[in-house]
Structures are given as C-alpha cells and as structure tokens.
Amino acid sequence: MDLRVGDVVKVEKDEFFPADLVLLSSSYEDPICYVETTNLDGETNLKLKQALQATSYLNEDSAFKDFRGIIRCEDPNANLYSFVGNLDVAGQRYPLTLNQLLLRDSKLKNTDYIYGVVIFTGHDTKVVQNSVTPPSKRSKIEKQTDKLVYLLFAVLVLMSFTGSVVFGIATREDLQHGRMKRWYLRPDETTIYYNPKRAPIAATLQFFTALLLYSYLIPISLYVSVEIVKVLQSCLINKDLHMYYEEGDKPAHARTSNLNEELGQVDTILSDKTGTLTCNSMDFVKCSIAGTSYGYGVTEVERALARKKTSSLAQEKSDEDFHEFYTETNPLVKGFNFKDERITNGRWVNEPYSDVILKFFRLLAICHTAIPDVNEENGTVTYEAESPDEAAFVVAAREVGFEFCERSQASISINELDPITGKKVKRIFELLKVIEFSSSRKRMSVIIRDEEGNLLLLCKGADSIMFQRLASNGREFEEHTRLHINEYANAGLRTMVLAYRQLEEGEYQRFNEEFTEAKNMIIADQEKLAEAVAETIEKDLILLGATAVEDKLQIGVPECIDKLARAGIKIWVLTGDKMETAINIGFACSLLRQGMKHIIINSETAEFDALEKSLNESEASEALKANILHQIEKANDLLASSNESLSLIIDGKALTYALDIDVKDFFLELAISCSTVICCRSTPKQKALVTRLVKLKTRKTTLAIGDGANDVGMLQEADIGVGISGFEGMQAVMSSDIAIGQFRYLERLLLVHGHWCYRRISLMICYFFYKNIAFGFTLFFYQAYASFSGQTVYNEWCLSLYNVLFTSLPAIALGVFDQDIPARLCLKFPVLYQQGVQNVLFSWFRIIGWASNAIFSSICIFLICILGLEDQAFRRSGEVVGLEILGATMYTCVVWVVNCQMALSINYFTYIQHLFIWGGIALWYIFLLAFGAMDPSISTTAFMVFIEACAPSPSFWLVLPLVLFVALLPYFTYTAIQMHFFPMSHQMIQLMYAQSDDTEFV
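What counts, and at which threshold
- Residues numbered from 1 in each chain as written.
- Predicted model: local features only at pLDDT ≥ 70, side-chain atom pairs only at ≥ 80, totals over all residues.
- Heavy atoms only, no water.
- Helix = DSSP H or I, 4+ residues; strand = E, 2+ residues; numbered from the N terminus.
- Contact = heavy atoms within 4.5 Å.
- Areas by Shrake-Rupley, 256 points an atom, 1.4 Å probe, with all protein chains shown as cover.
- Lys, Arg positive; Asp, Glu negative; His and termini not counted.
- Charge placed at Lys NZ, Arg CZ, Asp CG, Glu CD.
- Disulfide = S-S within 2.5 Å.
- Buried < 20%, exposed > 50% of the residue type's maximum accessible area, 1.4 Å probe, protein only.
- Pairing = 2+ DSSP bridges.
- Axes fitted to C-alpha atoms, helices over the stretch in contact; angles between N-to-C directions.
- Phe/Tyr/Trp six-rings, centres within 6.5 Å; stacked < 30°, edge-to-face > 60°.
- Lys NZ or Arg CZ within 6 Å of the ring centre and 35° of its normal.
- Salt bridge = Lys/Arg side-chain N within 4 Å of Asp/Glu carboxyl O.

Secondary structure summary: the protein contains 35 helices and 32 strands in total. Counting only contacts in the protein whose residues sit at least 6 apart along the sequence, the fraction spanning at least 24 positions is 73%. Looking at the protein as shown, the accessible area adds up to about 44,900 Å², and 55% of this sits on carbon and sulfur atoms. Averaging the coordinates of the 93 positive side-chain charges in the protein and doing the same for the 122 negative ones gives two points 5 Å apart.

Once that is clear, we can look at the state of the cysteines. In total, this model carries zero disulfides according to the counting rule given. In this structure Cys235 is not part of a disulfide, and its nearest cysteine sulfur, from Cys757, lies 11 Å away. The exposure class of Cys235 is partly exposed, given its relative accessible area of 38%.

A few words on the sheet that holds strand S13 (residues 253-254). Strand order in the open sheet formed by nine strands is S13-S32-S31-S30-S14-S26-S29-S28-S27, with mixed pairing between adjacent strands. The open sheet has two edge strands, S13 and strand S27 (597-601), and neither has a second partner. In terms of strand pairing, strand S31 (residues 720-724) meets strand S32 (residues 738-740) through three bridges, oriented parallel. If you follow Ile724 over to S32, its bridge partner there is Ile740. Strand contacts of helix H21 (residues 684-698): strand S14 (266-271), strand S26 (570-574) and strand S30 (701-706), with the helix running at about 160 degrees to S26, the strand carrying the most contacts.

Attention now moves to the packing of aromatic side chains. Applying the stated criterion across every chain yields a total of 43 aromatic pairs. Pairing Phe956 with Trp957 gives two aromatic rings, centres 4.9 Å apart and planes at 85 degrees, and the pair type is edge-to-face. For Phe956, a relative accessible area of 2% gives the class buried. Within the aromatic cluster, the residues linked to one another by ring pairs are Tyr216, Phe775, Tyr794, Trp797, Tyr802, Phe806, Tyr891, Trp924, Phe927 and Phe931. For Lys10, the ring lying beneath its charged end belongs to Tyr113, and the centroid distance is 4.8 Å. Across from the ring centre of Phe467, 4.1 Å away, lies the NZ or CZ of Arg482, which sits over that ring.

If charged atoms from side chains of opposite charge come close, those side chains can pair. Scanning all chains against the criterion turns up 41 salt bridges. Note that Asp146 is salt-bridged to Arg138, the shortest N-O span being 2.6 Å. On the accessibility criterion, Asp146 (13% relative accessible area) is buried. In this structure, Lys625 and Asp662 form a salt bridge, with 3.6 Å as the shortest nitrogen-oxygen distance. Taken as a pair, Lys625 in helix H18 (residues 617-641) and Asp662 in the loop between helix H19 (652-658) and helix H20 (664-672) lie far apart in primary sequence, 37 residues in all. For Lys625, a relative accessible area of 15% corresponds to the buried category. Several salt bridges share partner residues, and in doing so they unite Arg138, Glu142, Asp146, Lys230 and Glu261 into one network.

Below you can see the structure in the form of structure tokens.
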C-alpha cells in the first residue's frame, strides 16, 4: 500500500507502524498506547504514547468523515529522541511532542488498535534517516599487507626491467659481422621479438612478457584465502561456549571478520562504566531524608575497599560474622535492597520528620514516566520504566508503602499509608505538566494538584544542578545531605536529589502559557526555549533529601581488568558519573590499586568558581584553559620524576579544555604515561573525541567497549568497537564490530582469540609471501639461465594451479587451527599478549627474514636441479634432460620445499593440517600422472613426463632429498638456536609446558 503524508492509518495490535505517524486516538478511553521499539534501539521495555485529548474521540473510521486538521512540524531528520510540531484543530493550536510520535518499524503492543496520521514516509522516516553506512575499518596487518604487495610489484617491475635490458643488449649483439651468437634463435631470419636490428622494441616486448611471467610473484590468492580464514575464525569466536552468557542467552557475535587479528594488538581499552563494568540493574540501597541517613547496606565498593585495606567496617565485625558481612546478598525484591527498620513496615511514621519522609516517597511514586503493568491473575504490579534508576525509585516507594498503581493523561494514582489512620488509602493527583529529563537539564519535574487543591512542583535531579535551585528557606537539611551524598559517592552509589515547591495559581498559569507557546514553535531552538521557560519555575525549591542506588559490578570484572592490565593493556574509563563514584568503582574493579598515585584534574574547585564569577564568559574560558594546562604540565613534571605507577582522573569540564587543539597533545602525553585513566562526567561527544585522539596520536590499536546509545560514537571511532548486550538497548551492539554478553568475556576474546588470530594471520601471510617468492624467483633464475628469452620452465597448467591446489590449503589450515599454546596457558600467562601489541610476528625484520629464506630456497632449488641434471645422462639411452623434465623436477622440488616449510612452521598439528600438507604433495603426483596421460594437445610439455622420464630415473629421486635438506637447513638451524638460546615468550612457555607436569598449568 502506498502511503502519502496526511493519510490516516489504522494499525492493529502486534502490527508494525508503516510510516512515522502522529497518534490521534486509540482503543483505550484514555488515548494511550504501548509501543515496542526493539527494531529502533533494541530496548524491550514498552513505551507509553499519549494522543492529544482534542483528537481522542476519533476512535472509529466514520469519525474522520468531517475531521480537518493541520500539522506543522520539523523537517525530516535522524533524531529519534526529539520531535517538534503542532496541530491545529477547530481553531486551537496544540503542541506535538515525542509522546505523540509513532515511529516506523516500532510495534503496537497491548493495545487493540490506534489511529494515526502519516507525517513522514519512505526515506524521510527517522529509521531510514538513521540507516547510515558504518565506518570502514581495516586492520593494521591488512594495511601492511597492501604495502608488501606494492613492494613486491615494484620488485616484479625491477626484475622485468632488468631482464628486458639484458635481453635487449644480448639481442643487439646476436648478429655481428655475419656471425650469430644465439644461433638457435636464428637472428638472421626472425620475428620482431628477436630481431637484432630492432633490439629496443624486442626489449620492450620482453618487458611485458616478463611482467606476465613473473606475476606469480604477487600472491593474488592471498586475499581470498585470508577472507576465508577470517570468516572461519569468526565462526570459532561465535561458537566459543566460554563466552556464552547463559543468563541472557547471548553468545559472542563477531559482526565483522575484518578485525580478527586486530584483537591481538590492542594497546588501549576505552570503556564505559554503567552497564559495561556494572550491571545497570539498579538497587535502591540508601537514602538521606531531612538530614538523616537511612539504609545499612554495604556496597560492593565498600567490600572491595575493605578487602584491600583494613577497613573500619571490618574492624567492627567479629571473626564469627566477618564472612557473613562480606558475602554478597541478593535483594528479595528486584530493585530494592534497602534495609532499615526505621523506615520499613510503616515505622517511618514514628520518625521525627515523618512529614518530610511522606513527601519524599510520595515524590518518588509520582515524579516519573513509568508505566504500571497489573497482572490480572495475581494482581501484582510491575513497572515499565525508561531507565533502571527510575524503576528502582518506583519500586522503593512501593515497598515503603507508596504504591504507584495507575496513570492516565490527566491523573496519577497511588496507594499510600495514611499516617493518621494507619490504613492504605488511594490518592489521585491531577497531573498538569511533565517536564521530562534530558542530559542537558539533568533533572525531571512534574506539576500536580493534590486532593486539597494545592499546586505542587516535584523535582528530582543531579546534585550539581539541584542545590543551586534551592530557596533560602529550603536549605535546612543541605549540609547533612551534602555530607551523605559524598558518603554515598565514596561507596560507589549513584545519587539523586529530591526537592519540591508549592506554586501559586497565577504563577502556574503564566508558566503554562509560556511553556505551551515555546512547545508550539517549530524552530531549531525550540527545545532550548522550552528549557529556558522550565528554568523559570524550577527554582526556590525546598530540599527533601537524596536517594542512593547501587549499580553492581558485573561478575568477574575485577579479575578481568587485572588480567588485561597484566597483559600490558592500558585501560581508560569514560563515565558520566561523579568523580568520587568513579574513583571508588575504580578501586572495586582493580583499575585503581592501593599505593598508586592519583593525578586529579578537577574543575569543580573554589578557584574555578571564583574565576567564573569574576570574569566574563570568554575571559573565564581562557583562564580556565590556562589553569588546566598548568595542572597538566605540573602532572607531567611529576611523572618525569616518579617511578611509581600513576593514574589520571579528570572531570568533564576540565576534559573540555584538555581536548582543545592547543592542549590535547600535552594531555595525551600525560594520559598515555599513566597506567589508568578515568574521565568523569563525560558526554557522548567527549567519549568519541577522546577515542579519536588516542587512536590518531598514538597510532596504536584502540578498543572501545560500551552498552548504550551514548557509546555509539566511541565504538565507531575506535579501531575495534565491542558492544555489550545489556539493558540499555541494542544500539551499541548494532554499531559494534563484536558483541559479547558480559565485560568479563573480553579477557578470553583478547588474550585467547585475539592472540591466536594475530599469530595465525601473521604466519599465514608471511608463509604466502614465502611460497610465492620462492616459486617466482625460480622462474627468474631460469630466465637468466635462458638469456631472458621469455621461455617458461613450467607447464602453463602447473603455473595456474600452484596457488589453487598444491600450496594454499595448508596455509588456510594454519590460519584456522594453529595454536602456539593452549587457551588456558594464554590466560595463565597474559604477558604473551604483548607479542601482538609489539607486532613481533609481522615486523619488517620478520618479513624480510621470510623473504630471504624464500630467495635462498629458490636458489637451492634452481642450482641443485640445474647442476644435478644439466650434464648427466638422464635416461638409459643416454639422453640428457630436456625442458619438460627440468620443469617437472623443479616444480616437484618447489611443492615439497614449501609444504615441508609449512610443516616446520606449525605449532599445533591436527588431522586436517596433515591432510592438507601431505595431501598437497600427493595431489601433485596424482596431477602429474593424470594430466600427463591426457592428449599432448592438452598436456603439452607434461605429456607422460612423470611415467616415462622422471619416475624411472634415479637422478630425479636423488635430487629431491638433497634440495629439501639444503633449502630447509637454514630455517631449521635458526629456529633451533633461537629456541634454546634466545627463546621468545611463547617458546619459553612451550618448553615449561613440555618439561613439567601438565597439572601445574591447569
């Protein structure tokens, strides 16, 4: 069905929206519907959408007969999380927001039907606007391989040019004074190819002939083979049960195979915190109400700190209950791990400030956008919330006695404990306005009218925003609340400040008019205008207290980070949390260690505040930048004079100045010299900028890992982006190169698969160049022997099948199956990972070594075959070797040498590798027999060459082992000397493993 803008569409339950629609009405009396946006952002929680009351009566087809309306809205764009527009109906103008927008590819859930009007179709829809081409990423080894191919091509041109010059000179001198030097070419009666009178033309033609002849020097099949190997390596990663997250049913998934070997070369990991290092499953643990702290729980951060040093917490516990104290307990109710008998079971009514406690938990039950989902069978209520934090707040309010039970467009209902009667009563609050949370506002407010007719503004937000909005008479509990917030942050908890104010009717009416007018504007700055209006009413607040929720570390995170650090990988954490929270999470997950010196660059100081107040904006900015630069230079001086392990901790505002073009080099110099870097209060853009800075300036491999939409820029900027399938949707996974279920799987992904893939690809490419150079140079040496006449020593079919049948399969087997050491030893000795970081196995020294070995092998093959066969009687009748016999013998030697070289290079033999190596050699003999038996018009120089000439001759069988011995002796000698006198790290582990009881390495 073709849809056009302005069409009215009816969508039924479990159907996808065919275009971007504005919701007009639904099957509910209150015009709401539930939408699943999994295809857009991966989030499985349902979103609540509400139509305007003015269109709610349009709930059947006939109602649209006389309906007329005009929608004005923003131009098509890719922003999924904002919408600006208005609707004119019956002379009234109503603002349209994201609450009325139904996006294409979303699904209607728990609603029988909806009516909507089409506003964007086809390429104009937001989902298509977001369908951008992901950045192209190539590994460093792949780029280096391209350079090698270019170099080989240059060698090919040089060889061809050299041969053509020599051939031209020889051709010019072929016929002098009536005497012929190369009489067999008949220079007196010849074609242009050998005409002494036209030697330059003959030399030019020879150049092009040589280009074609030596083209086998270029390993064209390498790229195909590498792609096959990488796909198979990706399959092994996907099938690794050790990286299968059973709880979430999420295996590892390599979304691209381009970067397998890059996993073994990671120098720096840049990680998000929430949902990546932590579970992003929030538990309400503590709260501060009216200056009193409630909640006795001990957080993971406190447990980790107590394990690392003698904590006062540990000292207070006796030896008997010490184990119980440190044993992690799971909450009985998801999202609520609060323990304090002063608050629970209705005892809060006995507290000195019970009225403040009532307002505190009533605010938690009302100020949110969660949706209650009542189970019709047992009557239990669950909540669909936009974030785990919000769900934890609503659950906490319910568990204390303030149960959010119903929401409509105009009201919100809660069942709460009446402190006077001690019974549960249902209270309905008129919902007048919701001012939603945004990353720039860092707060959310609702305006309600209670049952007594009082107008109230309820607000919750970040402490850095909320405290400056308190009224002078609303700061009674500020000092104690700030103290508790700092304590909670030190315990690794995420905090939120709660406050309220009572509004006058006239004040609200003025705000409502201004806010509605701002929302009706269709301009680029509409959102900023609406926020500016909200600022006018979100002030003079009265402080109630603060919440503290715990985002627990994922299982195995500290151990994983410790192992990665031992592997020499630098780890940076980029988080939006407060500095205190980030520091203590750093201790809990082993990023920060006792005895490590901390370099802290913080903009939230009295000095910074004084500068901002005393100077205008531009002068303050320059002064702050100079101050940050001074702090960085001072830290660099400290770094130069200290041998200790250092960590760098910087907040978002300071990071803004540190990333300026004239400061960022000093900042990076400091950061890369530190063992750990933590960037606090970071925005998504800053995460991406930091990642780009590290990648471009260090020129080393960076890996970014995150789980949320705010990590997408960072994942795409990094050399490798790893997405975690968490609770913040699938946007990070969809933008990643590799997806895993938990952070701890990064250890195996890098130290095992990364190390293996790097080693396999490096050896495979080196071997490919080896076998092609060895083969190509035998052609060159024969050309020199034959006066560069252009005559090839090998049969045409043999030339074509060299890389296809006889030598490629062993290289592919190497790329898929080879292991220098088993997986458990890769994890036991993480220092082995530095082979990839330092690019030991694919350095130019290593490549030149392989190329030299190849040239030596080709020299051995050519000289031994020529010297051993040239002047000897090859058959019983006394005939000497012809071109076809020499070619077959040399080719046999090449196949044996390159395959045996593979056998010497492999560390881990499987049946497949035996089959491919020895099968490749056997296949050559089978080919010689079968192809030689064909008609001479097909087999040409190979006709019966093996049966009639090579096989009966002792010389043929004597030359082969001599060539093998001489050609492979240097590599064998070098390897033996290196392993015993200058062993590499993997060779030392191999020797230890071979000489020790296997159980020592388990």
